[in-house]
Amino acid sequence: MVYINEIPEHAGKQVTLKGWVYNIRTSKKLIFIIVRDGSGLCQSVVAQDDVPQEVWEKASRLQQESAIEITGMVNVDERSIGGHELHVRDINIFSIAEEYPITPKEHGIEFLMEHRHLWLRSRKQWAAMRIRNTIIYAIHRFFQERGFIQMDAPIFTGNAAEGTTNLFETDYFDRKAYLTQSGQLYGEAMAMAHGKIYTFGPTFRAEKSKTRRHLTEFWMIEPEMAFYDLPMNMELAEEMIVFIVQEVLENNREELEILERNVGKLEHIKAPFPRISYTEAVKKLNSPEMQEKLDTMKRDRKREAEELKDALTALNSEFGQAKKGRKFQIDRKRGEINARLDQIEEDLRNIPVWKNSALGKKWGEDFGGSDETLLTMDEVTPVMVYGYPAEVKAFYMKRDPQNDEIALGVDMIAPEGYGEIIGGGQREDNHEILMQRLKEHNLPEEQFRWYLELRKYGSVPHSGFGLGLERTVAWLCGLQHVRETIPFPRMMGRLYP
Ligand code: 4AD
Ligand code: MG
């Protein structure tokens, strides 16, 4: 058996593929089957004159997603998907599929989400999952090659790492347990045993907000390093992101193309990323330049919308006389333009809101999605914002020795409006201060006894961060919503399939 992505090695030879019918077209004496096998697509041709009647009949019975074994000669053909075409000699049928609910025509997002188990087979979904896989592998490589030990944090926990408002509570033999929001606190214990560790696991947040950036179950990668301060931590985060982007560019050109990702934007991701303090970020938001920039953005968006509408009119007038193939293309193009127009309309609605919120942003307030978008507006790389007001950050953050109101925390914000992908910082390493923080946050000391003890037995300065896998996948794939970045997304309104 040969996989489709190995076909180039078999030019001029006979191969047997096993897979599914991705698409099938029949003409009088030819049947064109596009086969997919998970590794790629291959166009196959059954010619009535070249095969026994029985093979022709089998080919005639096939439907989209029927499962087959197909044997034929590999011919080089520039025009075919993948540059090769299979001249079919034999077909075996594993199963004939019932009429497949997902067809090349457009489906609504709700329909697709209800059919996620099948939607995963579609081209763009396939591409996104391959990129997710590259990212996961790259992360492991990055840390393993730098002497980090991968360790797992528990999923049932007795305490809250990231505030008590979005905890999932479960019944744990008549006690309360929570699904972990972050492996960090355990990561800190493990770093004191191994120096440099990283966790890679599922984390849970009972997010009631239905945004395109929030899942209730998502995967987080959390390195934790003994003897690292905040600047070292930021450097590591930056190096890791550059590494991941490079790996995706190197391994997933085809997938990026399928997703119509603007690859040029990713090629610009190089160190160093801008580092700005929270205080500078607030100033930037408040500045007259920010107001001007948003005015320019408004003008640009309006102009773009006009141009797109003209293009749409031209396509509409062409549609009537167009041939079938071209009609399909036009439909596609119209879909893309309309999606972009929706986006522009949303931006135009948002711009006045953004202008107000930027101007009114006060020191001490946390940043929201729109602030993040504005702060990265002119940047090609992610931006690191450090030194947040301690008030808005978690209890475990160490304070700036120069200014007790500031926490030594950092967020990395992805460009192109993808928002925060990393949160992290330096940890409080003093026992007394940490006790005090627990009190201030109304957290039960008893549940955190073990965590406090880490500060009694060989406490050292240490830091770490958490990378959200799905937000990273969304950014690199250019996907608007995190629901397409994980095989089976869990959100407030979604538990099926
Ligand atoms: O900023 P967060 O809450 O940080 C922590 O949990 C720290 N304990 C991490 C650490 O220092 N070890 O979450 C980290 C990242 C965010 O930047 C975001 O990318 C992602 O996790 N994230 C989510 N992704 C999808 N859905 C959600 N509901 C998310 N919440 C956070
Ligand atoms: Mg955060």
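I will try to describe carefully the structure that is included in this document. Given the structure is predicted, the values throughout are model-derived calculations rather than measurements.

**Considering the overall build of the protein**
Then, in step 1: The helix and strand tally for the protein stands at 15 helices and 17 strands.
Then, in step 2: Dimensions along the principal axes, computed over C-alpha positions, put the protein at roughly 85 × 55 × 45 Å.
Then, in step 3: Within the protein, the proportion of its 497 residues that are buried is 50%.
Then, in step 4: Put simply, of all contacts in the protein between residues at least 6 apart along the chain, 69% involve residues at least 24 apart.

**Some remarks on the site of ligand 1**
Then, in step 1: With respect to spatial proximity, 23 residues lie near ligand 1, and among them Glu162, Gln184, Arg205, Glu222 and Glu420 are the closest.
Then, in step 2: One of the backbone nitrogen or oxygen atoms of isoleucine 422 is found 3.4 Å away from an oxygen atom of ligand 1.
Then, in step 3: At 3.4 Å, a backbone N or O of phenylalanine 465 approaches a nitrogen atom of ligand 1.
Then, in step 4: Compared with its free state, where it exposes 620 Å², ligand 1 has 94% of that area covered by protein.
Then, in step 5: Placement of ligand 1 is best described as lying within the second largest pocket.
Then, in step 6: Where the shell around ligand 1 is concerned, the elements lending two or more residues are strand 11 (217-226), strand 16 (419-426) and strand 17 (462-468).
Then, in step 7: Looking at the shell around ligand 1, the element that brings in the most residues is strand 16, giving five residues.
Then, in step 8: Looking at the shell around ligand 1, its residues break down into seven nonpolar, eight polar and eight charged.

**Observations concerning the packing of helix 4 (residues 123-144) against helix 6 (residues 230-251)**
Then, in step 1: The geometry of helix 4 relative to helix 6 is characterised by a closest axis approach of 9 Å and an angle of 135° between their N-to-C directions. Viewed along their axes, helix 4 and helix 6 adopt a mutual orientation that is oblique. Relative to helix 6, helix 4 is oriented so that their crossing is right-handed. Facing helix 4, whose interface residues are Ile131, Thr134, Ile135, Ala138, Ile139, Arg141, Phe142 and Phe143, helix 6 presents Leu236, Glu239, Met240, Phe243, Ile244, Glu247, Val248 and Asn251.

**Points about the layout of surface pockets**
Then, in step 1: Put simply, the second largest pocket is a space of about 1100 Å³.
Then, in step 2: In terms of lining, the second largest pocket is formed by 46 residues, of which the most central are Glu162, Arg205, Glu207, Lys393 and Glu420.
Then, in step 3: Counting residues per element, the ones that place at least two in the lining of the second largest pocket are strand 11, helix 12 (369-375), strand 16, strand 17 and helix 15 (469-477).
Then, in step 4: Per-element accounting of the lining of the second largest pocket gives the leading share, five residues, to strand 16.
Then, in step 5: Among the residues making up the lining of the second largest pocket, the classes are represented as 18 nonpolar, 15 polar and 13 charged.

**With respect to the environment of tryptophan 20**
Then, in step 1: If you trace the backbone, tryptophan 20 turns up in strand 1 (residues 14-26).
Then, in step 2: Note: C-alpha distance between tryptophan 20 and tyrosine 100 (80 residues apart in sequence) is 12 Å.
Then, in step 3: Apart from residues lying up to four places away in sequence, tryptophan 20 is in contact with Ile34, Val35, Arg36, Asp37, Glu65, Ser66 and Ala67.

**Points about the nonpolar core**
Then, in step 1: Judged by nonpolar contacts, the single largest core of 63 residues is most densely connected at Phe143, Ile241 and Trp475.
Then, in step 2: For this core, the leading source of residues is helix 6, giving 12 residues.
Then, in step 3: Among residues more than four places away in sequence, those in contact with phenylalanine 143 are Phe148, Tyr198, Ile221, Pro223, Leu236, Met240 and Phe465.
Then, in step 4: Residues Val35, Trp56, Ala59 and Val74 belong to the second largest nonpolar core, which totals 22 residues.

What counts, and where the lines are drawn
Positions within a chain are numbered from 1, following the residues in the order the chain's sequence is written. The order in which chains are written sets their letters, starting at A; the order in which ligands are written sets their numbers, starting at 1. Given that the model is predicted, a residue must reach a pLDDT of at least 70 before its local features are reported, and side-chain atom pairs must reach 80 or more before they are shown or counted; all residues, however, enter totals for whole chains, interfaces and linings. Heavy atoms from the whole structure form the basis of all side-chain values; hydrogens and water molecules are not counted. Going along the chain from the N terminus, every DSSP run of H or I of four or more residues is numbered as a helix, and every run of E of two or more is numbered as a strand. Classification of residues uses two cut-offs on accessible area relative to the type maximum, computed with a 1.4 Å probe and protein chains only: under 20% is buried, over 50% is exposed, and between them is partly exposed. Any two residues whose heavy atoms approach within 4.5 Å are treated as being in contact. Whether a residue is near a molecule or strand depends on its heavy atoms: if one lies within 4 Å, it is near. Under this definition, polar contacts are N or O atom pairs within 3.5 Å; protein pairs additionally need one hydrogen-donor-capable and one acceptor-capable atom, and for neighbouring residues in sequence, both atoms have to be side-chain atoms. The Shrake-Rupley method, run with a 1.4 Å probe sphere, supplies the accessible areas, and residue values consider only the shown protein chains as cover. With a 1 Å grid spanning the protein atoms alone, the term cavity applies to any set of points in which a 1.4 Å probe fits but cannot get out, the term pocket to an open set with protein on both sides within 12 Å along at least five of seven lines, and the term lining residue to any residue with an atom within 4 Å of a point. Placement in a cavity or pocket follows one criterion, namely that more than half of the molecule's atoms lie within 2 Å of its grid points. Amino acids are sorted into nonpolar (Ala, Val, Leu, Ile, Met, Phe, Trp, Tyr, Cys and Pro), charged (Asp, Glu, Lys and Arg) and polar (every other residue, Gly among them). Axis lines are fitted through C-alpha atoms, for helices just across the contact stretch, and the angle between N-to-C directions can take any value from 0 to 180 degrees. The labels follow the angle: roughly parallel below 35 degrees, roughly antiparallel above 145, roughly perpendicular from 65 to 115, and oblique for the rest. Rotating anticlockwise by less than a right angle from the far helix to the near helix defines a left-handed crossing, while the corresponding clockwise rotation defines a right-handed one. Grid points are joined across faces, edges and corners, and a volume is the space filled by probe spheres set on the points. The criterion is simple. A nonpolar core is a set of buried Ala, Val, Leu, Ile, Met, Phe, Trp, Tyr and Cys residues joined through side-chain atoms within 4.5 Å.

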